[in-house]
Amino acid sequence: MASTIQKIYRAAIYLRLSREDGDVADGSKEISNSIANQKELVMDFLKSHPEITVYDTYIDDGYSGVNFDRPGFQSMIKEIKNGMADCVIVKDLSRFGRNYIESGRYIEKVFPMLGVRFIAITDNYDSETSEDGYGTNMIIPFKNLVNDAYARDISIKVRTNLQIKRKNGDYIGNFVVYGYLKSPENKNRLVVDEYASEIVKDIFTMKICGMSQQAIADKLNTDGILCPYEYKKSLGIRINDNFKKKTQALWSYNAVLRILKNEIYTGTLIQGKSTTPNYKVKKKINKQEDEWIRHEDSHEAIISKEQFDMVQELLIRDTRVSPDSDSIYLLGGVVYCADCGRAMIRKTVPAHGKKYIYYVCSSNKKDKNVCSNHRIAENKLTDMVCENTIYQVNLVLEYAKELEIIEKASYMKADVGRYDKKIEKKQEELSKYQTRKLNLYEDYKEGILDKQEYMMFKSDYDQKIETATREIEAFEADKRMILDNKSESQAWIEEFKKVGQITELTRNAVAILIDKVVVYSADRVEIRYRFENAFETMKKYVDAYSDRNYSESEAV
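Here the structure is a predicted model, which is why all the values come from computation and not from measurement. (Residues numbered from 1 in each chain as written. Predicted model: local features only at pLDDT ≥ 70, side-chain atom pairs only at ≥ 80, totals over all residues. Heavy atoms only, no water.)

1. Details of the overall build of the protein
Let me state the cut-off plainly: Comment: elements are numbered from the N terminus, with helices defined as DSSP H or I runs of at least four residues and strands as E runs of at least two. For each residue, the accessible area found with a 1.4 Å probe, counting protein chains only, is set against the maximum for its type, and the residue is called buried under 20%, exposed over 50%, and partly exposed in between. We call two residues contacting when some pair of their heavy atoms lies within 4.5 Å. Exposure was quantified through the Shrake-Rupley algorithm and a 1.4 Å probe, taking into account, for residues, occlusion by the shown protein chains and nothing else.
Looking only at helices and strands, the protein features 16 helices and 17 strands. When the 556 residues of the protein are sorted by exposure, 40% land in the buried category. By sequence separation, contacts in the protein at least 24 residues apart represent 65% of the contacts at least 6 residues apart. Approximately 32,000 Å² of the protein is accessible, and the part contributed by carbon and sulfur atoms is 50%.

2. Quick word on the nonpolar core
Heads up, the condition is: Residues grouped as a nonpolar core are buried Ala, Val, Leu, Ile, Met, Phe, Trp, Tyr and Cys residues, joined through side-chain atoms within 4.5 Å.
Ranked by internal contacts, the top residues of the largest apolar core, which has 61 residues, are Tyr178, Ile203, Phe204, Trp251, Tyr265, Leu331 and Leu381. Broken down by element, the residue count for this core peaks at 7 residues, all from helix α6 (residues 194-208). Within the second largest apolar cluster, 21 residues are counted, among which are Ala12, Val90, Ile107 and Tyr125.

3. Details of the packing of α6 against helix α7 (residues 213-222)
Note the following rule: Between the N-to-C directions of two axes lies an angle of 0 to 180 degrees, each axis being a line fitted to C-alpha atoms and, for a helix, fitted only over the stretch in contact. Any angle between 65 and 115 degrees counts as roughly perpendicular, while under 35 counts as roughly parallel, over 145 as roughly antiparallel, and the rest as oblique. Handedness of a helix crossing follows the sense of rotation of the near helix relative to the far helix, less than a right angle counterclockwise being left-handed and clockwise being right-handed. Polarity classes work like this: nonpolar for Ala, Val, Leu, Ile, Met, Phe, Trp, Tyr, Cys and Pro, charged for Asp, Glu, Lys and Arg, and polar for all others, with Gly in that last group.
It is at 10 Å that the axes of α6 and α7 come closest, and there the two elements cross at 140°. One finds that α6 runs oblique with respect to α7. The crossing of α6 and α7 is right-handed. Where α6 approaches α7, its residues Ile199, Ile203, Met206 and Lys207 are matched on the opposing element by Gln213, Ile216, Lys219 and Leu220. Residue composition of the contact of α6 with α7, grouped by class: 5 nonpolar, 1 polar and 2 charged.

4. A few points about the sheet that holds strand β4 (residues 117-120)
Defined as follows: Between any two strands, pairing holds if DSSP finds at least two bridges.
Spatial ordering of the open sheet is given by β2-β1-β3-β4-β5, a layout of 5 strands whose pairing is mixed. Because the sheet does not close on itself, it has two edges, and the strands there are β2 (52-61) and β5 (125-126). Contacting β1 (9-17), β2 and β3 (87-90), helix α2 (residues 71-81) runs over the sheet at an angle of about 150° to β2.

5. A few points about the environment of Val396
Here Val396 is to be found in helix α12 (residues 378-408). Taking relative accessible area as the criterion, Val396 reaches 0% and is therefore assigned buried. Along the backbone, Val396 and Lys539 are 143 residues apart, and their C-alpha atoms lie at a distance of 8.8 Å.

6. Digging into the confidence of the model for the protein
Low-confidence regions, as indicated by low pLDDT, have predicted coordinates that should not be scrutinised in detail. The test is simple: On a scale of 0 to 100, pLDDT captures the predictor's confidence in every residue.
When pLDDT is averaged along the protein, the result is 78, and 75% of the positions lie at 70 or above. No element of the protein has a lower mean pLDDT than helix α16 (residues 532-555), at 62, and none a higher one than β3, at 94. In this model, residues 22-30 is a region of pLDDT below 50 whose contacts with residues beyond four sequence positions or in other chains number 20 contacts. Confidence drops under pLDDT 50 across residues 550-556; counting only partners more than four residues distant or on other chains, this segment forms 0 contacts.

7. Some thoughts on α2
The periodicity of an α-helix, 3.6 residues per turn, causes residues three or four positions apart to be oriented the same way. Definition in use: The directions from the helix axis to the C-beta atoms are what the arc is built from.
Of all the residues in α2, the buried ones are Gly72, Phe73, Met76, Ile77 and Ile80. Down the axis of α2, the buried set is contained in an arc of 135°. They therefore lie on one face. Facing away from the buried side of α2 by more than 90 degrees, the exposed set consists of Lys78 and Lys81. The inward-facing, buried residues of α2 contact β1, β2, β3, α3 (93-96) and α4 (100-114). In the stretch just after α2, Gly83 is the one whose phi turns positive, near 80°.

8. Things to note about the pattern of salt bridges
Inclusion rule: A side-chain nitrogen of Lys or Arg and a carboxyl oxygen of Asp or Glu constitute a salt bridge if their distance falls within 4 Å.
Taken as a whole and judged by the stated rule, the model has 23 salt bridges. When the shortest N-O distance is used, the salt bridge between Asp223 and Lys219 registers 3.2 Å. We classify Asp223 as partly exposed; its relative accessible area is 46%. Exposure remark for Lys219: the relative accessible area of 38% places this residue in the partly exposed category. Across the pair Lys458 and Asp462 runs a salt bridge whose closest N-O atoms are separated by 3.0 Å. Remark: Asp462 and Lys458 occur in helix α14 (residues 451-499); sequence separation between them is 4 residues, near one turn of the helix. Lys458 sits in the partly exposed class, given a relative accessible area of 24%. Asp462 sits in the partly exposed class, given a relative accessible area of 25%.

9. Concerning the packing of aromatic side chains
Working definition: an aromatic ring pair is given by the centre-to-centre distance plus the angle between the planes. Put simply, the test is: Only centres within 6.5 Å qualify two rings of Phe, Tyr or Trp (six-membered ring in Trp) as a pair; their planes then separate them into stacked at under 30 degrees, edge-to-face at over 60, and tilted for everything else. The criterion for a charge sitting over a ring is simple: Lys NZ or Arg CZ within 6 Å of the ring centre, and within 35 degrees of the ring normal.
One pass over the structure, following the stated rule, counts 22 aromatic pairs. Taking 5.5 Å as the distance between ring centres and 70° as the angle between the ring planes, the aromatic pair formed by Phe73 and Phe96 counts as edge-to-face. On the criterion of sequence distance, the pair formed by Phe73 in helix α2 and Phe96 in helix α3 is long-range, its members being 23 residues apart. What makes Phe73 buried here is its relative accessible area of 0%. For the pair Tyr444 and Tyr454, a centre-to-centre distance of 4.9 Å together with 20° between the ring planes defines the contact as stacked. Of the two residues, Tyr444 is situated in helix α13 (residues 410-445) and Tyr454 in helix α14; the sequence distance between them amounts to 10 residues. On the basis of relative accessibility, which here comes to 30%, the residue Tyr444 falls in the partly exposed class. Classification of Tyr454 by relative accessible area gives buried; the value is 12%. Its end group placed over the ring of Tyr9, Arg117 keeps NZ or CZ at 4.9 Å from the ring centre.

So this is what it looks like as structure tokens:
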């Protein structure tokens, strides 16, 4: 009497759903409904297969089927190689993967070598009952090829859609940077996070005031300010924390630097900095800057462009921290040699039991044959810069007061109206000359004018058109000077007002006001301020109105 002993399989149930499938788990639940439906279908299948027991279930929710480096899949393969399971069950072949080559490799080579039974339920495939044992017949490779083509098609559609959104200025990132939130009404728009934005402002202010990135991070940690990672967690935002090792993440040098270098805080949205070669290769490739997609004023700014640019200069320049302080040296990063144009560095010279501090040319310090060995004492340089800066601040504030008076005056509005009338009149003249020039050619074609007459009149009208065009441009420029002077000057004037009346030089004043201090010798220094051109424009504007008022009062 013969008896048959049926083999018992230990099954690994594999469930997968990608973002492209459109049913990914959100922050409120751990697995999506489709994952649950897949599991229900598999469990129903197992009711009619008593020879199969469930070893474990492996889930990849939100992962593409193109690559096989999915965490759930890799965990399953590891268990199989360790002999813990000898059967793999999936809903269908597309859940297993959408890469034709890789899917075929596992189904036709890896699993047979490991003695693993493979079942795709809705595709009616079971390696134990198939004619050739594994999927070398046409149907399985063909279905894998279709699944691969589907993944390619979806990838192209997703890439195209994302590119259109980038060009439209829509934010397409999964997470927003610290300081912003996604708008409740439109997830592709950024809105200011009232709390975090104030921390961002503080970080930029501390940098301008002379603190190093590490000093800023230390202060934020001391004050109990949550770092971006912990703050997002406190808002209930799900983020990948596989890298996290400490109980609570803290502010770091790099976290502060990332904020200081991110242009998004100026209201500029920059996307498309990197890409992937195709839908199968997920390695990021950085794109050239001219290929980035930029949108100015895409959202509300937290930091002004002037303040952002100022910080970028500070990050580039030599802004070393003093050994006994968290602050940058007072004139660090702004002192330059007039001969070679290179930065001058701070040097301490001990003599007779005292320490004397000088600024010397960095080129000459490295190589005595380069540039010249000129130097200037730090205290002397500081006094010269302080005296000149105090004068400059007072001068700007004085002109700013006069500017406010002028802008409130009624005659300024009258001037704008006069320029409008001048421009309108000149535009009428221009239109008249252009029409006459056009008619001139018709007269020439009809024989009313001969060629010599035509060329003479044409030259005359060309000159009048050119003159009228230049006059219109001049009137518009003068009008813009009146209308735009306030908006253009207000930002930099506000920076001077922030400094206010000073009696001594501070790092904050140096960072805000001074572009370069150029040293020619121990007795000759040139201070170049950040807003020199804007100040000259304002000065010219104010002086012009002051002269006019003086002339009008004299006439009276």
